[in-house]
Amino acid sequence: MNFFKRLYLNNLFFYTLLGIIASFVLAYFFEGLYRVSWLLFWLLLAFTGIDILLLFTAKQGIKASRVLPEKLSNGDENPVTVKLKSAYSFDIRLKIIDEIPFQFQVRNFEVNRKLNRHEKDHFQYFLRPTERGEYSFGNLNVYVASPLRLVARRFTFDHNQTLPTYPSFIQLRKYDLMAFSNNLFQYGVKKIRRIGHTMEFEQIKEYVPGDDIRTLNWKATAKRNQLMVNQYQDEKSQNVYMIIDKGRTMKMPFNGLSLLDYSINASLALSNVILKKQDKAGMMTFSKKIENRVVAERRQSQMHLIMEALYNIRTDFFESDFGRLYVDVKKNINQRSLILLYTNFETLDGLYRQLPYLKGIAKNHLLVVIFFNNTELNQLIDKKITTVQDVYDQTIAEKFAFEKRLIVNELKKYGIYSVLTQPEHLTLDTINKYLEIKSRGIL
């Protein structure tokens, strides 16, 4: 019984069989074809038997394995490698069907390869998850056909492999070097000017070309009879909290990822930069209540704690309670801190409802509100107008886009910083805002 589960008839077998059946039909009209038809039929059976013997003589004719990463990175292209090795003494053709996790909705995954005798080979494909959680792979199915290609033998490998999908740790590595940048380049896209320096004195050193002449120490210069400058360093061990709104407004999707997942990925990359800058990174989420709290610290296990907390964030689709957030921040964050609040406001009315709580937080902390441009509205604004409906749609889109800019100005009036960004630029813009605040020494 197990033999028949592993035996599959190829298309060539069925095409040949259909041809023989057609010849039997024609033999009804042409008597001379009757013997030829039977001859062809017995030849098909003989060659099929030979093909079966070729494929099933070897107990383990092919070896295959699926090489998975330790975990998947959410929103990124993750490589999956399939390794193959033939134990047959003749050339074979392979059809590989990998049972990919259902979250990817891939139903037609198939790769065809040709292997020479005793040859090794491998290939790679990429998966882009858009949800955090557990992903289960099914069987790796390999169908082997001999040069006759009448039948195929199925091999199965790597049954039921499961691995988690975490927030984007690939982005974390990508922006790692930004923690050591003194010029704050946005990887060739944008340069943020470094304004002044913090007031934490480090040492007096000899002047070299490129040093800020405003830091010249004239007393030390007079004593040494050569130019000397004061060297400053960024203030260390400042508290930085990332607060993520996980209410229903953050479930809006862009390019497959929700605003919540964009915020989670940005928070992970920013946490790494914060700790590399010797500051204390912490986080929490809120909706109807405060959850996933990680107290701001600078210990070795902090990145692990933050990653695990971010992995477990789930939206509850409620309207977020900013009043509860204000009370919790006032009660639990006593030292003046930089608070980066990931949320989304679509209208001024939506901001005005929460503005008293934001002003209350900003009294004791440096608050940065991070919210999103609607990229679909931008597409409507840039769309070529051809109908009256297009005029109407574009007018409404421009109104909403203008309100976003008004929200930025309204926050600025109360000393609240803001970052208005597109979802795909969130990580870069947030890191740059943190580094700008550090360089200006305004915390």
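Scroll up to find the structure.
A short tour of the structure in this document, coming up. (Residues numbered from 1 in each chain as written. Predicted model: local features only at pLDDT ≥ 70, side-chain atom pairs only at ≥ 80, totals over all residues. Heavy atoms only, no water.)

In the structure shown here, the tally under the stated rule is 12 salt bridges. In this structure, Lys246 and Glu291 form a salt bridge, with 2.2 Å as the shortest nitrogen-oxygen distance. Placement of Lys246 in the loop between strand E14 (239–245) and strand E15 (253–254) and of Glu291 in strand E18 (residues 290–297) is noted, with a sequence separation of 45 residues between them. The exposure class of Glu291 is partly exposed, given its relative accessible area of 26%. (Salt bridge = Lys/Arg side-chain N within 4 Å of Asp/Glu carboxyl O. Helix = DSSP H or I, 4+ residues; strand = E, 2+ residues; numbered from the N terminus. Buried < 20%, exposed > 50% of the residue type's maximum accessible area, 1.4 Å probe, protein only.)

Right, let's talk about the pairing of E14 for a bit. Counted residue by residue, E14 has 7 buried out of 7 residues, so it is predominantly covered. Side chains Asn239, Tyr241, Ile243 and Asp245 project from E14 onto one buried face, and the interleaved Val240, Met242 and Ile244 project onto a second face that is buried too. The pairing of E14 with strand E17 (residues 280–286) spans 7 bridges and is parallel. Paired with Ile244 across the strands is Thr285, a residue of E17. (Pairing = 2+ DSSP bridges.)

We now examine the environment of Ile306. Summarising the element assignment, Ile306 is placed in helix H7 (residues 302–311). By relative accessible area, Ile306 is classed as buried at 0%. Between the C-alpha atoms of Ile306 and Ala296, which are 10 residues apart in sequence, the distance is 9.9 Å. Excluding anything up to four places from it in sequence, Ile306 contacts Ser271, Ala281, Met283 and Val294. (Contact = heavy atoms within 4.5 Å.)

Helix H9 (residues 348–364) packs onto helix H8 (residues 322–332) with a crossing angle of 10° between their chain directions and a minimal axis gap of 9 Å. Our classification of the angle between H8 and H9 gives roughly parallel. Seen from above, H8 lies across H9 with left-handed handedness. Contact residues: Phe322, Gly323, Leu325, Tyr326 and Val329 in H8; Gln354, Tyr357, Leu358, Gly360 and Ile361 in H9. Classifying every residue of the contact of H8 with H9 by side-chain character gives 7 nonpolar, 3 polar and no charged. (Axes fitted to C-alpha atoms, helices over the stretch in contact; angles between N-to-C directions. Parallel < 35°, antiparallel > 145°, perpendicular 65-115°, else oblique. Left-handed = near helix turned anticlockwise from the far one by under 90°. Nonpolar A, V, L, I, M, F, W, Y, C, P; charged D, E, K, R; others polar.)

Moving on to the side chain of Asp245. Note that Asp245 resides in strand E14. Here the side chain of Asp245 touches Gly247 through a polar contact of 2.8 Å, landing on its backbone nitrogen. Within the structure, the side chain of Asp245 is placed 2.9 Å from the side chain of Thr343, a separation counted as a polar contact. Non-local contacts of Asp245, meaning those with residues more than four positions away in its chain, are made with Met250, Leu260, Phe286, Ser320, Phe322, Tyr342 and Thr343. (Polar contact = N/O pair within 3.5 Å; in protein donor to acceptor, adjacent residues only side chain to side chain.)

None of the figures reported here should be taken as evidence of function without further support.
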